[in-house]
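Close look at the chain arrangement
Next come the chains, spelled out residue by residue.
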Amino acid sequence: MDLADVVALVMFLGIIAYAVFAGADFGSGIWDLGAGNAEDGGPTRRLIDHAIGPVWEANHVWLIFVLVFLWTGFPEAFGAIMSTLYVPFSFVALGIIFRGCGFAFRKFADDLNSARLFGVAFALSSLLTPFFLGMIAGAIASGRVPIDGSGNRWTSWIGPTSWVGGLLAVLTCAFLAAVFLAADAERLGHEELTERFRRRAFVTAIICGVAAIGGVAPLLLDAETLADGLLGKGVGFMIVSGASGLASIVLLHKSRLAAARLTAVTAVAAVVGGWGVAQYPWVLVDHATIAEVAGDSATLWGLLISFGVAAVLVLPSLAYLYLLTDKSVLGTEFNKHGQDHESVVVK
Amino acid sequence: MLQLLLFGAAESDLLAARNQMALTLGYHIIIACFGVAFPAMIFVAHRRGIRNDDPVSIELARRWSKVAAVLFAIGAVTGTVLSFEMGLLWPGLMSQYGDVMGLAFALEGISFFIEAIFIGIYLYGWDRIPPRVHSLMLVPIMIAGAAGTFFVLSVNAWMNAPTGFRLEEVVGPSGTVEQSVVDVDPLAAIFNSAVGLQYLHMFLAAYMVVGFCVAGVYATAMLRGRTDRYHRIGLAIPLAFACIAAPIQPAIGHFAGQRLTDEQPVKLAAIEGLAETESRVSAVVGGYFDGERIVGGVELPVPGLASFMATNSFGGELTGLNEVPVEDQPPVNVVRFAFQTMVGIGSALVVLAAWAGFGYWRKRQLPQSVWFLRLLVVAGPAAIVALEAGWITTEVGRQPWVVHGLLRTEDAVTDAEWIWLSLSVIVVVYALVTVGGVRVIRSMTRRWRAGETHLATPYGPSQPLESVDDSPGLVDV
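Residues numbered from 1 in each chain as written. Chains lettered and ligands numbered in written order. Predicted model: local features only at pLDDT ≥ 70, side-chain atom pairs only at ≥ 80, totals over all residues. Heavy atoms only, no water.

1. Some thoughts on the overall build of chain B
- Helix and strand content of chain B: 15 helices and 10 strands.
- Since a compact globule built from 477 residues should have a radius of gyration of about 23 Å, the 25 Å found for chain B is in line with a globular shape.
- Seen through its C-alpha atoms, chain B measures out along the principal axes to roughly 75 × 60 × 45 Å.
- Classification of the 477 residues of chain B by burial places 57% in the buried group.
- Element-wise, carbon and sulfur atoms account for 64% of the exposed surface of chain B, whose accessible area totals about 19500 Å². (Helix = DSSP H or I, 4+ residues; strand = E, 2+ residues; numbered from the N terminus. Rg over C-alpha atoms; globule rule 2.2 N^0.38 Å. Buried < 20%, exposed > 50% of the residue type's maximum accessible area, 1.4 Å probe, protein only. Areas by Shrake-Rupley, 256 points an atom, 1.4 Å probe, with all protein chains shown as cover.)

Rendered as structure tokens:
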């Protein structure tokens, strides 16, 4: 394993972190979309705000992390990906704007109509953004992005593998979010929401499993290199993912929600990791390997050192943030009436 | 086809790409200023409140943090759009030089990470974390904001003063000779000759923009008769930051500009509107550059002033535009007008800061006159205009190069055909974001004025706070 491989590995760890943590945030938005009308959806939406409010911006930064590693570590590949996949990336950009602003604006909206409008922007883009990101992954993994960036700007990202990628991305987001939200609701002592999301997680887990197995056929036909890798060197990851998925289903059935969170994360992380292993050593499948498009070695060293700095500074801070959120030290108001706020009225 | 119907020929895609970059960057810069400078002001208010056991200051910090929450969200997403655009609009730049300037972006990414994490902790930590510890959560945000600004500015400075690599001619696969980047020294690229002063200039600009904007909000309220202690403190804290930054700014700008004399003389020639290389150049205010000279401007009555500013000598020689072919010259009037706008507004803000400082020195309180408050109201928007004008000066002044002297903007741009369409979409989307953000912040201030300390989110119809009994633990702030 040489220097460029290590950089690629670190970048891919960023992709896994984004898929898991931001995935759960996107998934929460998907459930927000299906939470029902303003009358019924209130408790669900409040739970979602409570769960992702403190963490979504930090989770979002993994995407920046990945982009920066890609363009610094593998500049030619970045140029090629952005050229060929101009259209889906534009949709992702729009989705990111509407998701973030919709979420932040809704929290401080003053009437139901604007809350509804901002909420729809947040929820709908939470569905579309991971879908397009999955399509992008499918385009790269099925060998449709040539290194000179000359891939067809429309057909490159709507092949069968892209549809599998988009669908799986949305489903895994929804699955992760349902498990997380069930566990959150349980911790907050809200039985009805706990049960609702436990059931949803259970059903989504089964759908995810069926979709993952069903997705193999299109991959075999459409993305030979990837399929070979998934059934070859990546097969261990697939097994771990499948086993964790099954374990999640069992644990959800038994209402062991804290444990189900771990297996759910493992299942998603393993499937994304499996994609990475299956695609190795290609950055752009069938077109460019890690070694071929790696940037200057001094820069690669710099990237790894900066990652070391990040590991020392960012990861403990991130752990602290999650800890505070998980213990409900952070989050929206906890007290019953929300009135005994320790603040003064200032005219 | 649609693009042809709407916008005509495709040659102008470069212009569309440049406009899209300018719009999204120019927008993000304003919001980013709040990410950099606002936490410091919140910190002062929060610490002051804790130290003096002053609920008014604490309440200010609390409200500012809620406004900051909205602005940070806009900043996070508009910043992400920029990182996409680096590749979407300028694949030629990133493919060629991504590994030279990329490390600074990586370090900026780490700064952003720290910022986002501690913003989450601070915003949601009210009444949950012990006050002293809670207020200290702003410190990493301030440090990360300053560091992030440095690294982003480092990339921009590198585009003006590219260094830290060597170009080697290699024969490409199709037999053509291509330039290849070798021997990259990422630290040399980060600490290029332009970064130090350009960074300080932007850092101070952020404090001026936010300081004057926030002070202006309270000045408006005071003009409407709300002159209680809450508003006086709300005006004084941000104004103090702005008034410290404003008088330092021209000096930093001056030295940052002197770098141009040797390193980017054509940009300087555009700023001065200097057609031919001359000595003892005077400074001319206003007017229009007609291709040979400035028409209708007012010459300042100090012979050789422009030479002196650029070279420290009244007889100094300044390079004219004629030293490079026309296709290597930036659009003079845009650059010159932007520069003079920046300098004019910056100077006016120094005077305003001096007024405030003088008043405080004499009477231990800020000037109370209506005119002072009126000027404060316009100072915020004026500072934003100066900020944008400064960016236009340096960015348009670098044209036609994206990497000064090495890569032309037209060679870096994408060959995608629908940039006008994407520009139009971006215009609409950013307008919507602005309307939404303004609306939300205004509704927050309206409710605060009405005495609400609690901003409940209307998740359902007529969401009374009492109705949360059925969902313990899920009441909103």
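Next comes the rest of the description.
2. Topic: the interface of chain B and chain A
- The partner chain A presents 92 residues to the 97 residues of chain B that form the contact.
- Across the chain B to chain A interface the summed buried area is about 8500 Å²; carbon plus sulfur atoms make up 69%.
- Counting the surface chain B buries against chain A, the share from its top three residues, Phe113(B), Tyr124(B) and Tyr459(B), is 10%.
- Taken together, the links from chain B to chain A amount to four salt bridges.
- For Arg439(B), the salt bridge is made with Asp110(A), and the minimal N-O distance between the two is 4.0 Å.
- Along the contact surface separating chain B from chain A lie 12 residue pairs in polar contact (both at pLDDT 80 or more).
- For the side of chain B that touches chain A, the secondary-structure elements that each account for two or more residues are helix H3 (55–88), helix H4 (91–124), helix H9 (229–263) and helix H15 (419–449) of chain B.
- The dominant element in the side of chain B that touches chain A, judged by the number of residues it contributes, is H4(B), at 22 residues.
- When the residues that make up the side of chain B that touches chain A are grouped by side-chain class, the tally is 57 nonpolar, 23 polar and 17 charged. (Contact = heavy atoms within 4.5 Å. Buried area = accessible area lost by both parts, 1.4 Å probe. Salt bridge = Lys/Arg side-chain N within 4 Å of Asp/Glu carboxyl O. Polar contact = N/O pair within 3.5 Å; in protein donor to acceptor, adjacent residues only side chain to side chain. Nonpolar A, V, L, I, M, F, W, Y, C, P; charged D, E, K, R; others polar.)

3. Focus: the environment of Ser150(A)
Residues and elements named next belong to chain A.
- You can see Ser150 is positioned in the loop between helix H6 (112–141) and helix H7 (160–187).
- Each C-alpha atom, one on Ser150 and one on Glu224, is 21 Å from the other, the two residues being 74 residues apart in sequence.
- Among the polar contacts made by the side chain of Ser150, one reaches the side chain of Asp148 at a distance of 2.7 Å.

4. Focus: the pattern of salt bridges
Residues and elements named next belong to chain A.
- As enumerated under the stated definition, the model contains 25 salt bridges over all chains in all.
- In this structure, the salt-bridge partner of Asp222 is Arg144, at a minimum N-O distance of 2.7 Å. Here Asp222 is found in helix H9 (residues 216–222), whereas its partner Arg144 is found in the loop between H6 and H7, with 78 residues between them in sequence.
- The buried category is assigned to Asp222, whose relative accessible area is 18%.
- Put simply, Asp32, Arg45, Asp49 and Arg106 are held in one network by salt bridges that share partners.

5. With respect to a nonpolar patch on the surface
- A cluster of nonpolar side chains, namely Trp301(A), Ile305(A), Val309(A), Val312(A) and Leu313(A), defines an oily patch on the protein surface of about 510 Å² accessible area.
- In this structure, Trp301(A) sits in helix H14 (residues 297–326). (Patch = residues over 30% accessible without salt bridge, like charges linked within 9 Å, V, L, I, M, F, W, Y side chains within 5 Å.)

6. Let's talk about empty space enclosed by the protein
- Applying the stated criterion across every chain, the model contains six cavities of 30 Å³ or more.
- Approximately 80 Å³ is the volume attributed to the second largest cavity.
- Taken together, Val61(A), Ile64(A), Phe65(A), Val68(A), Phe69(A), Ser306(A), Phe307(A), Ala310(A), Ala106(B), Gly109(B), Ile110(B) and Phe113(B) form the lining of the second largest cavity.
- Secondary-structure elements contributing two or more residues to the lining of the second largest cavity are helix H3 (56–73) and H14 of chain A together with H4 of chain B.
- Looking at which element gives the most residues to the lining of the second largest cavity, the answer is H3(A), with five residues. (1 Å grid on protein atoms, 1.4 Å probe; cavity = no way out; pocket = protein on both sides within 12 Å on 5 of 7 lines; lining within 4 Å. Points joined across faces, edges and corners; volume = space filled by probe spheres on them.)

7. Observations concerning the state of the cysteines
Residue and element names in this part refer to chain A.
- The final tally for this structure, using the stated rule, is zero disulfides over all chains.
- Cys173 carries a free sulfur, and the closest cysteine sulfur to it, the one in Cys208, is 9.3 Å from it.
- Note on Cys173: relative accessible area 6%, which makes it buried.
- A relative accessible area of 9% places Cys208 in the buried class. (Disulfide = S-S within 2.5 Å.)

8. Let's talk about H4(B)
- Along its 34 residues, H4(B) runs just 39 Å from first to last C-alpha, ending more than 12% under the 50 Å computed at 1.5 Å per residue.
- Where burial is concerned, most of H4(B) is hidden: 30 out of the 34 residues are buried. (Expected span 1.5 Å × (residues − 1).)

9. Describing helix H11 (residues 235–253) of chain A
All names here are of chain A.
- Taking 1.5 Å per residue as the helical rise, H11 with its 19 residues ought to reach 27 Å, and the 27 Å between its terminal C-alpha atoms agrees with that figure.
- Listing the buried residues of H11 in full gives Ser241, Ser244, Gly245, Ser248, Ile249, Leu251 and Leu252.
- Directly beyond the C-terminal end of H11, a positive phi value near 60 degrees is found at Ser255.

10. Regarding the confidence of the model for chain B
Residue and element names in this part refer to chain B.
- Across chain B, the average pLDDT comes to 88, with 93% of residues at 70 or higher.
- Every residue in residues 1–10 is under pLDDT 50, and counting partners more than four places away or in other chains gives 11 contacts.
- Across residues 463–477, confidence stays below pLDDT 50; counting only partners more than four residues off in sequence or on other chains, it has 54 contacts.
- Model confidence for the complex: the whole-complex pTM is 0.90, and ipTM, which rates the interface, is 0.88. (pLDDT = per-residue confidence, 0-100.)

11. Here's the deal with the packing of helix H1 (residues 3–33) of chain A against H7(A)
Residue and element names in this part refer to chain A.
- Where H1 meets H7, the axes come as close as 7 Å, and the angle between the chain directions of the two elements is 85 degrees. Taken together, the axes of H1 and H7 are roughly perpendicular relative to one another. Residues Ala19, Val20, Gly23, Ala24, Phe26, Gly27, Ser28, Ile30 and Trp31 of H1 pack against Val170, Cys173, Ala174, Leu176, Ala177, Ala178, Phe180 and Leu181 of H7.
- Tallied by class, the residues present in the contact of H1 with H7 amount to 14 nonpolar, three polar and no charged. (Axes fitted to C-alpha atoms, helices over the stretch in contact; angles between N-to-C directions. Parallel < 35°, antiparallel > 145°, perpendicular 65-115°, else oblique.)

12. With respect to the nonpolar core
Residue and element names in this part refer to chain B.
- Counting residues in each nonpolar core, the largest one holds 252 residues, and the members touching the most others are Leu93 and Phe212.
- Examining the composition of this core, we find that 22 residues originate from one element, H4, more than from any other.
- Apart from residues lying up to four places away in sequence, Leu93 is in contact with Met86, Gly98, Met101, Val402, Val403, Leu407 and Ala412.
- If you look at the next biggest cluster of nonpolar residues, it comprises 20 residues, including Ala269, Ala310, Leu318 and Val335. (Core = buried A, V, L, I, M, F, W, Y, C linked by side-chain atoms within 4.5 Å.)

13. Section: unusual backbone geometry
- With an omega of 0 degrees, the peptide bond running from Tyr280(A) to Pro281(A) counts as cis.
- Counting through the fold element by element, Pro281(A) comes out in the loop between helix H12 (257–279) and strand S1 (282–284).
- In this structure, the amide linkage connecting Gln399(B) to the following residue, Pro400(B), adopts the cis form with an omega of 5 degrees.
- Among the structural elements, Pro400(B) can be located in the loop between helix H13 (370–398) and strand S9 (401–403).
- With phi around 50 degrees, Asp53(B) is a residue other than glycine that occupies positive phi space.
- Looking at where Asp53(B) falls in the secondary structure, it is placed in the loop between helix H2 (13–51) and H3.

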